Amino acid sequence: MLVALGLAMGALILSGNYWLYINPKFQWLTATTAGLLVLVGVASALQPPRPVNRSGVLIFLAFLCYTIWGNFQVLAPPPPDLLARPTPPPPHSREDEKARETLNGIEYIRINTGELFNLCEDKGVDAGAHYTLQGMVVRTPELDRAGQFIVARLAVFCCFADAVAVGFRTSDPNGRSGLKNGEWVQIYGRLEGTSNELPQPEITFEGAVATAVHPRSVIIPEKTVPIAAPEIPFIFEFREAEPFAF
Amino acid sequence: MQCQGGWLYARIFIFQRSGCSRRMNPISNGHDIFICILTAVFLEAAPFLLAAAILSSLSEFYLDRDRIQRFIPRSRVAQVLTALGAGLILPTCECGVVLIVRRFLHKGVPPLMAVAYMLTAPIINPLAIVSTYLAFRGNWWMVFGRIGLAVVCASLTGLAIAALNREGILREETPARIRTPQAFASLQPDPSEAHESRLDSEGAREHDCCCSHGCTHDAAAPRWLGVLTHTAAEFMEMAKYLIVGALAAALFKTLTPQSILFRFESNPFLSIAVMMLLAVLLSVCSEADSFVAASFWSFSQPAQLAFVAIGPMVDLKLIGAYGATFRRRAAIMLIAAPVIIIFILSAVIAAVLG
């Protein structure tokens, strides 16, 4: 069973879907564990038979079968019409990454919502600074009344179990943008501070432990471009300086 | 397998509640979330559990009781300090620490030391300290607050358990006595061997092993093979508690709406209790729980502190492991004492901070 577990872990890494469960920076750790489990399992099989811990074996077997089956369901290809959305090319290496984008003569710093959140917490809200960030649009009746939506992404520090949604309020008077819930956008905008701490909006994301919307800032969008959901939508990296992980 | 990010993302992420429970996306699926969390928790914990099983097996085969006894100080204060020192230099997380502590107890480490090490090691190890510092954006108050709470709580719990469980804290175990005919060929006991081997009346090599899983070390087999076999048995034994804990944590995360939590954020004492309950039920790794706590920015710092202090001492994965490893009274104390102590200390901090 340990050999089967090791092989399943190895297969998950090779499948390219590892990021769905664990931050890819821990891939080496899982690969090492998989290798050791195979080794330990084989060594164990070479030894004479010994009393079996039946409850342990049953639980382990049930877990292995269920997760392998369940993950095949999760990773099963969708119906053709849902596959129609184009996916962007794989991410560039750090050297190739653009730190900024220029639009109408204005330079926008490319940043992800998690990095911008940290930046605002560490150095305060840099009112007037121009940023471009991507994320999913979240609308609620309360936000609509306030002329705002939230642009958010899921940040995974270690594994999916500790995922946190991080977002920013974005100004959208009278819903002029016409953006819908769940739509992915790239926003080019200006950061503005608020005089009072804004209440945490009542939004939750399935799978996220918490939702953190920055309480003292609002993004004033200057251009909003609908985009396809990124191939890997989670935030795994939080950089302190440019080029940010975007 | 080709990665279909948009599809996966839609299935696991886009599901929002706002006041009423409303699905944003018809293809969102609670079961997928559940399976992803279950797999993630197991994958995250497996390396640490395996590392602990290897460490435990190595100490079983290569570390004898006398050698360990030499490092055990007589005074209780020194015992606690030694345990804290061990926690600093021997980075372990809560997933595997019970295995290591069980082995140490078998080797004669006093319960006070063992409990102090078990409760603090996942918090005071360098990785956890760095992650706490990063998560709270360089807030040393949170870093030292977490360490302080852990040290006080572990010392008090260790003292209480050592005082009230004089007959020992480990569950009754039947030593696996192995008589291997093959061992006739190697009857000369090796004085450096950690295992206490001797000849029985039938002339077979008797082997008192302190495993609790009925392992059958072949005395004639190479020691490294014994380490691997022992590691397999240790891993299998503890993995079942990890699996049950991961199942419960995944179920909780899938079914409980976040919005419930925020109803308690304004009450300083209720928010502490709620954050502690959340830490126990979420069972997040001690290296990552600071980031989760920090994301609850609308909760008070004492509540966040209580979250990061209690999680590595009591969570769903640990409750099963405590029950399987320790006597009932000791296991109950290991769960109840940290909860009570951390709550009282956090409440005092909240009251002082106003």
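Overview of the structure. (Residues numbered from 1 in each chain as written. Chains lettered and ligands numbered in written order. Predicted model: local features only at pLDDT ≥ 70, side-chain atom pairs only at ≥ 80, totals over all residues. Heavy atoms only, no water.)

To continue, consider the pattern of salt bridges. Tallied over the full model, the rule gives 19 salt bridges over all chains. Between D122 of chain A and R137 of chain B there is a salt bridge, with the nearest N and O atoms lying 2.6 Å from each other. One end of the pair, D122 of chain A, is in helix α4 (residues 113-123); the other, R137 of chain B, is in the loop between α7 (126-135) and α8 (140-164), on a second chain. Among the residues examined, R137 of chain B registers a relative accessible area of 28% and is labelled partly exposed. Residue E60 of chain B is joined to R103 of chain B by a salt bridge in which the shortest nitrogen-to-oxygen separation is 3.4 Å. Residue E60 of chain B is located in helix α2 (residues 30-62), and its partner R103 of chain B is located in helix α5 (residues 94-106); the two are separated by 43 residues in the primary sequence. On the basis of relative accessibility, which here comes to 0%, the residue R103 of chain B falls in the buried class. If you follow the salt bridges from partner to partner, you end up with E60, R102, R103, E234 and E237 of chain B in one network. (Salt bridge = Lys/Arg side-chain N within 4 Å of Asp/Glu carboxyl O. Helix = DSSP H or I, 4+ residues; strand = E, 2+ residues; numbered from the N terminus. Buried < 20%, exposed > 50% of the residue type's maximum accessible area, 1.4 Å probe, protein only.)

Residues and elements named next belong to chain A. Tracing the chain through its elements places D172 in the loop between β5 (164-171) and β6 (184-193). Residue D172 is classed as buried on the basis of its relative accessible area, which comes to 4%. Among all residues touching D172, those that are not within four sequence positions of it are R139, G147, Q148, F149 and S177. (Contact = heavy atoms within 4.5 Å.)

Now for the packing of helix α10 (residues 268-282) of chain B against helix α14 (residues 328-353) of chain B. Residues and elements named next belong to chain B. Direction vectors running N to C along α10 and α14 enclose 145°, while the axes themselves pass 10 Å from each other. Classified by chirality, the crossing of α14 by α10 is right-handed. Residues F269, I272, A273 and M276 of α10 form the contact with α14, whose participating residues are V339, I342, F343, S346, A347 and A350. Split by residue class, the contact of α10 with α14 holds nine nonpolar, one polar and no charged. (Axes fitted to C-alpha atoms, helices over the stretch in contact; angles between N-to-C directions. Left-handed = near helix turned anticlockwise from the far one by under 90°. Nonpolar A, V, L, I, M, F, W, Y, C, P; charged D, E, K, R; others polar.)

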